[in-house]
Amino acid sequence: MSPMPRRIGLAAVAVTVPAALVFTGVGVGQASDHLPSSSDARHTHSAHKAAASNLDDPAKKEIAMKLVSSAENSSLDWRAQFKYIEDIGDGRGYTAGIIGFCSGTGDMLELVEYYTQQKPGNVLAKYLPALREVNGGDSHDGLDPNFTKDWKKAAADKAFQDAQEHERDRVYFNPAVKQGKDDGLGALGQFIYYDAIVMHGPGDSKYSFGGIRKTALSKAKPPAQGGNETTYLNAFLDARKEAMKSEEAHSDTSRVDTEQRKFLSEKNFDLAPPLKWQVYGDPYEINS
């Protein structure tokens, strides 16, 4: 789980955070394989409802991965992050991979277990006993000194890359998209859910994804319950900001303010390119 936004390798920037992935300087990126923009889908809610694709559409999913990576890694190149691993001092041990799997929160353990089921005897399999022991804390016992080196070695293995994507989808992406569909939300709302579950994790505690959604539901109804999509998503983002500000490392809320609310104010419920946004003041765009 990505507990906070990361700015890996950007020493001049004040925000330093976790989750997964690596750096890459600030810049503008493009995605060339996305669906073409539709002015109807972008600007009318009714058109979105009639013909919009969901976030699990391959082109939309690619956009979602790039949007999260812009906030987590200051880069749109999310595939470059399979090898990322670092202890960023957040109390969750090592944070690694494309979604910020953490040795202290259980999802890294589940990832290595799944990888080992798919490829017994892999370079990380020997760390399973240690990962079970350190789960729930920030200890490196049994992992150091070679775990980070072996993680990077494993990251060159297509089977490990596939395992990371499998666990990302199983734990974070698929549940977020399903809940978004159940709530009657379009691709933008589904992405807003996904970004929240990446940072705050699944569950029902106050500042987990479930808790944030519960707070939003106390303020507004989603479209599936007859509510207005914009009103509901603004209520969700209000609750999300409260959760982010509950931890110092989350205090920069630009991924909400100058990314997600920007798309919402544009009524781009279909998350249709061209997309232009900023995170931590850095500009990004996806043009097609």
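Note that the coordinates shown come from a computational prediction; the quantities given were computed from them, not determined experimentally.

Moving on: the pairing of strand E5 (residues 282-286). Walk down a regular strand and you will see the side chains alternate between the two sheet faces. The buried count for E5 comes to four of five residues, which makes it a mostly enclosed element. As defined by bridge partners, strand E4 (residues 275-279) adjoins E5 across five bridges and the pair is classed as antiparallel. Across the sheet, valine 279 pairs through a bridge with aspartate 282, a residue of E5. Adjacent in sequence and paired antiparallel, E4 and E5 are bridged by two residues, among which tyrosine 280 carries a positive phi angle near 55°.

Turning to the sheet that holds strand E3 (residues 101-102), a few remarks are in order. Spatial ordering of the open sheet is given by E1-E2-E3, a layout of three strands whose pairing is antiparallel. Bordering the open sheet on either side are strand E1 (85-86) and E3, each of which pairs with just one other strand. Sheet topology note: the strand E2 (residues 95-96)/E3 ladder contains two bridges and is antiparallel. When the sheet's bridge partners are listed, alanine 96 is paired in E3 with phenylalanine 101.

Residue position: leucine 109 is located in helix H4 (residues 107-118). Since its relative accessible area comes to 11%, leucine 109 is described here as buried. Expressed as a C-alpha distance, the spacing of leucine 109 and leucine 128, which sit 19 residues apart in the sequence, is 7.0 Å. Among all residues touching leucine 109, those that are not within four sequence positions of it are Leu128, Leu131, Arg132 and Asn135.

For the rest of this paragraph, the subject is the nonpolar core. Ranked by size, the top nonpolar core spans 75 residues in total, and within it Leu124, Phe147, Tyr194 and Leu271 carry the most contacts. For this core, the element with the highest residue contribution is helix H8 (residues 187-200), accounting for 10 residues. Leaving out residues up to four positions away in the same chain, leucine 271 has contacts with Leu55, Lys60, Ile63, Leu67, Ala187, Leu188, Phe191 and Phe263.

Here we come to H8. For H8, built from 14 residues, the straight-helix expectation of 20 Å at 1.5 Å per residue is met to within 8% by its first-to-last C-alpha distance of 20 Å. With respect to burial, H8 is a largely interior element, 14 of its 14 residues being buried. In the segment just after H8, glycine 201 is the residue with positive phi, at about 80°.

This brings us to the side chain of threonine 116. Inspection of the secondary structure puts threonine 116 in helix H4. If sequence neighbours within four positions are ignored, threonine 116 has contacts with Asn122, Ala125 and Leu128.

Turning our eyes to something else, we now look at the pattern of salt bridges. In the structure shown here, the tally under the stated rule is 24 salt bridges. One connected set of salt bridges, linked through shared partners, spans Lys61, Glu165, Arg168 and Asp169.

Along an α-helix, a turn takes 3.6 residues, which lines up residues three or four apart on a common side. Under the 1.5 Å per step criterion, the end-to-end length of helix H3 (residues 58-73) is 22 Å for 16 residues, consistent within 8% with the ideal 22 Å. Of all 16 residues in H3, 15 are buried, a share of seventy percent or more. The backbone nitrogen of alanine 59 has a side-chain oxygen 3.0 Å away, supplied by the residue at the start of H3, namely aspartate 57.

Interaxial distance between H8 and helix H9 (residues 209-217) falls to 9 Å at its minimum, and their mutual angle equals 135°. Considering their axes alone, H8 and H9 lie oblique with respect to each other. Of the residues in H9, those in contact with Tyr193, Ala196, Ile197 and His200 of H8 are Phe209, Ile212 and Arg213.

The full count for this structure, using the stated rule, is 12 aromatic pairs. Their ring planes at 40° and their centres at 4.7 Å tell us that tyrosine 115 and phenylalanine 160 sit as a pair that is tilted. Taken together, the residues span a long stretch of sequence, with tyrosine 115 in helix H4 and phenylalanine 160 in helix H7 (residues 158-182) at a distance of 45 residues. On the accessibility criterion, tyrosine 115 (2% relative accessible area) is buried. By relative accessible area, phenylalanine 160 is classed as buried at 0%. Among the aromatic residues, those joined into a ring-pair cluster are Tyr94, Tyr115, Tyr127, Phe147, Trp151 and Phe160. Just above the ring of phenylalanine 173 sits the side chain of lysine 61; from NZ or CZ to the centre is 4.7 Å.

Rules behind the numbers
- Residues numbered from 1 in each chain as written.
- Predicted model: local features only at pLDDT ≥ 70, side-chain atom pairs only at ≥ 80, totals over all residues.
- Heavy atoms only, no water.
- Buried < 20%, exposed > 50% of the residue type's maximum accessible area, 1.4 Å probe, protein only.
- Helix = DSSP H or I, 4+ residues; strand = E, 2+ residues; numbered from the N terminus.
- Pairing = 2+ DSSP bridges.
- Contact = heavy atoms within 4.5 Å.
- Core = buried A, V, L, I, M, F, W, Y, C linked by side-chain atoms within 4.5 Å.
- Expected span 1.5 Å × (residues − 1).
- Salt bridge = Lys/Arg side-chain N within 4 Å of Asp/Glu carboxyl O.
- Polar contact = N/O pair within 3.5 Å; in protein donor to acceptor, adjacent residues only side chain to side chain.
- Axes fitted to C-alpha atoms, helices over the stretch in contact; angles between N-to-C directions.
- Parallel < 35°, antiparallel > 145°, perpendicular 65-115°, else oblique.
- Phe/Tyr/Trp six-rings, centres within 6.5 Å; stacked < 30°, edge-to-face > 60°.
- Lys NZ or Arg CZ within 6 Å of the ring centre and 35° of its normal.

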